[in-house]
Amino acid sequence: MEFTAKQIAEFVQGRVEGDENAIVNSFAKIEEGKTGAISFLSNPKYTHFIYETSSSVVLVNDDLELEHEVKPTLIRVKNAYESIACLLQLYESMKPRRKGIDPLAFVSPKATIGKDCYVGAFAYIADGVVIGDNTQIYSHVVIEENACLGEGCIIYPNVSVYHDCRLGNNVTVHSGTVIGADGFGFAPNTEGYDKIPQIGIVVIEDNVEIGANTCIDRSTMGQTIVGKGVKLDNLVQIAHNVEVGENTVMSAQVGIAGSTKIGSWCMFGGQAGFAGHITVGDKTFVGAQCGVNSSLKGNQSVIGSPAMEPRGFFRSSVIFQKLPDMYRQLNALQKEVEELKKKQ
């Protein structure tokens, strides 16, 4: 499928500089550009590639100032990153969707499958499962009894959805993810630990995307909830009875301990960890490898372990680097004090 620079500019509400009839039929990173490809430039670190790239069209921000002429046709937009995202979504939506139930899949006669769904080979759909229209279930997916999936979901290979869990509309779950495994609940006794049955469920609301090998545990009682529009990276752990607010995003290896409440529009960096039974307010930004062991009010940023506001963390980091010198100075002062005491 081919598009002209003019057609693309109209779609992203941009302005063409150069040949408006330039043809593109593929995407490429600006540093790997080729004839017929469209690229984008949003990070200033990559600006030098605009003068070297072989891409036919490049999306750039309105405020980009060129040092000299460039070969590709430019489309100036308010935000090149957002515009390329829109184009990629359009490209993805044009791909043909799979339909039908593979003869090697098992679908219980007591399950309800919507219109235009796809169920891949060796998938397992148990009794009482309800799957909405246009949902795609790939190979080796397991959906246990009475689970419910909404419309337009994409469940990639080797995902497990345990019994009674509920997924909303347009939920994407990547390979290896487990939704609804038991929460980590054990009561110590004199001989070891008694398992606390986890009788709750997991609820995933609309427009959520969950990365590969992520685990979302079912609640002890009630619900573990992932709100609308949440985006989870790979290898994220959401423990039992956690609630994640709408449009919150988490990078890889974030871990949320049990019964913690996360607000809306939060952003968590990779490997950030959260203690259990705390509350994190809306629009909280947590840096990578941050350790959050107490509740946080909204509209703030924290980094470090234990978590603290950035200015305090950076001041502490400077002192930490000086500790070896300070330790030597302290030892020297102690020796001087001891010598002075001996002279008295």
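Definitions and limits used
- Residues numbered from 1 in each chain as written.
- Predicted model: local features only at pLDDT ≥ 70, side-chain atom pairs only at ≥ 80, totals over all residues.
- Heavy atoms only, no water.
- Helix = DSSP H or I, 4+ residues; strand = E, 2+ residues; numbered from the N terminus.
- Rg over C-alpha atoms; globule rule 2.2 N^0.38 Å.
- Buried < 20%, exposed > 50% of the residue type's maximum accessible area, 1.4 Å probe, protein only.
- Contact = heavy atoms within 4.5 Å.
- Areas by Shrake-Rupley, 256 points an atom, 1.4 Å probe, with all protein chains shown as cover.
- Lys, Arg positive; Asp, Glu negative; His and termini not counted.
- Charge placed at Lys NZ, Arg CZ, Asp CG, Glu CD.
- Pairing = 2+ DSSP bridges.
- Disulfide = S-S within 2.5 Å.
- Core = buried A, V, L, I, M, F, W, Y, C linked by side-chain atoms within 4.5 Å.
- Expected span 1.5 Å × (residues − 1).
- Polar contact = N/O pair within 3.5 Å; in protein donor to acceptor, adjacent residues only side chain to side chain.
- Salt bridge = Lys/Arg side-chain N within 4 Å of Asp/Glu carboxyl O.
- Phe/Tyr/Trp six-rings, centres within 6.5 Å; stacked < 30°, edge-to-face > 60°.

## As for the overall build of the protein
What the protein contains, in helices and strands, is 3 helices and 39 strands. Computed over its C-alpha atoms, the radius of gyration of the protein comes to 27 Å, more than 25% above the 20 Å expected for a compact globule of 344 residues. Across the 344 residues in the protein, those meeting the buried criterion constitute 39%. A separation threshold of at least 6 residues defines the contact pool for the protein, and within that pool the share at least 24 residues apart is 17%. A total of about 19400 Å² of accessible surface is found on the protein, and carbon and sulfur atoms cover 52% of it. For the protein, the separation between the mean place of its 30 positive charges and that of its 39 negative charges on side chains is 7 Å.

## A word on the pairing of strand β27 (residues 223-226)
Residues in a regular strand project their side chains so that they alternate between the two faces of the sheet. Burial along β27 is one-sided: the face carrying T224 and V226 is buried and the face carrying Q223 and I225 is not. The pairing of strand β24 (residues 201-204) with β27 spans 4 bridges and is classified as parallel. Bridge pairing links I204 to V226 in β27. Where β27 meets strand β30 (residues 243-244), 2 bridges bridge the pair, whose relative direction is parallel. By the bridge assignment for β30, V226 is matched with V244.

## Re the state of the cysteines
Evaluated as defined, the whole model comprises 0 disulfides. No disulfide involves C117; its nearest neighbouring cysteine sulfur is the one of C153, lying 9.2 Å away. C117 gets classed as buried once you look at its relative accessible area, which sits at 7%.

## Thoughts on the nonpolar core
Core analysis: the largest hydrophobic core is formed by 51 residues, its most contacted members being I137, I143, F268 and F274. Grouped together as the second largest cluster of nonpolar side chains are 14 residues, I8, A9, I38 and I75 included.

## Focus on the pairing of strand β23 (residues 192-195)
With 4 bridges connecting them, strand β22 (residues 186-189) and β23 associate as antiparallel partners. In the strand pairing of β23, F186 is matched with K195. The hairpin formed by β22 and β23 contains 2 residues between the paired strands.

## As for the sheet that holds strand β13 (residues 130-131)
Taking strand neighbours across the sheet as the criterion, the 9 strands line up as β10-β13-β16-β19-β24-β27-β30-β33-β36 in an open arrangement whose pairing is parallel. Edge positions in the sheet fall to β10 (112-113) and β36 (279-280), since each of these pairs with one other strand and no more. Relative to strand β16 (residues 148-149), β13 runs parallel, the two being bridged by 2 bridges. Each bridged residue has a counterpart across the sheet, and for I131 the counterpart in β16 is L149.

## Examining unusual backbone geometry
In this chain, S305 is followed by P306 through a cis amide linkage whose omega measures 5°. In this structure, H140 takes a positive phi of about 65° despite not being glycine. For H140, the location among the structural elements is in the loop between β14 (136-137) and β15 (142-143). One non-glycine residue with positive phi stands out, namely K283, at about 55°. Position of K283 relative to the elements: it lies in the loop between β36 and β37 (284-286).

## Quick notes on helix α3 (residues 310-343)
With 34 residues, α3 extends 48 Å between its outermost C-alpha atoms, agreeing within 8% with the 50 Å of an ideal straight helix rising 1.5 Å per residue. Sitting at the amino-terminal end of α3 is E309, which places a side-chain oxygen 2.9 Å from the backbone nitrogen of R311.

## Observations regarding the sheet that holds strand β20 (residues 172-173)
Strands sit in the order β8-β11-β14-β17-β20-β25-β28-β31-β34-β37-β39 across an open sheet of 11 strands; the sheet is parallel. Where the open sheet ends on each side, the last strands, each with one partner, are β8 (100-101) and β39 (300-302). Looking at chain direction, β20 and strand β25 (residues 209-210) are connected through 2 bridges and run parallel. Looking at β25, one finds that V173 is bridged to I210.

## Re the pattern of salt bridges
This model, assessed by the stated rule, comprises 7 salt bridges. The residue E17 makes a salt bridge to R15 at a minimum N-O spacing of 3.3 Å. Residue classification places R15 among the partly exposed positions, given a relative accessible area of 45%. Between E32 and K29 there is a salt bridge; the shortest N-O distance is 3.4 Å. Note on E32: relative accessible area 49%, which makes it partly exposed.

## Description of the packing of aromatic side chains
This model, assessed by the stated rule, comprises 9 aromatic pairs. A ring pair is formed by F184 and F186, whose centres lie 5.2 Å apart and whose planes are at 70°; its orientation type is edge-to-face. Through a chain of ring-to-ring contacts, three or more aromatic side chains come together here, namely Y118, Y138 and Y156.

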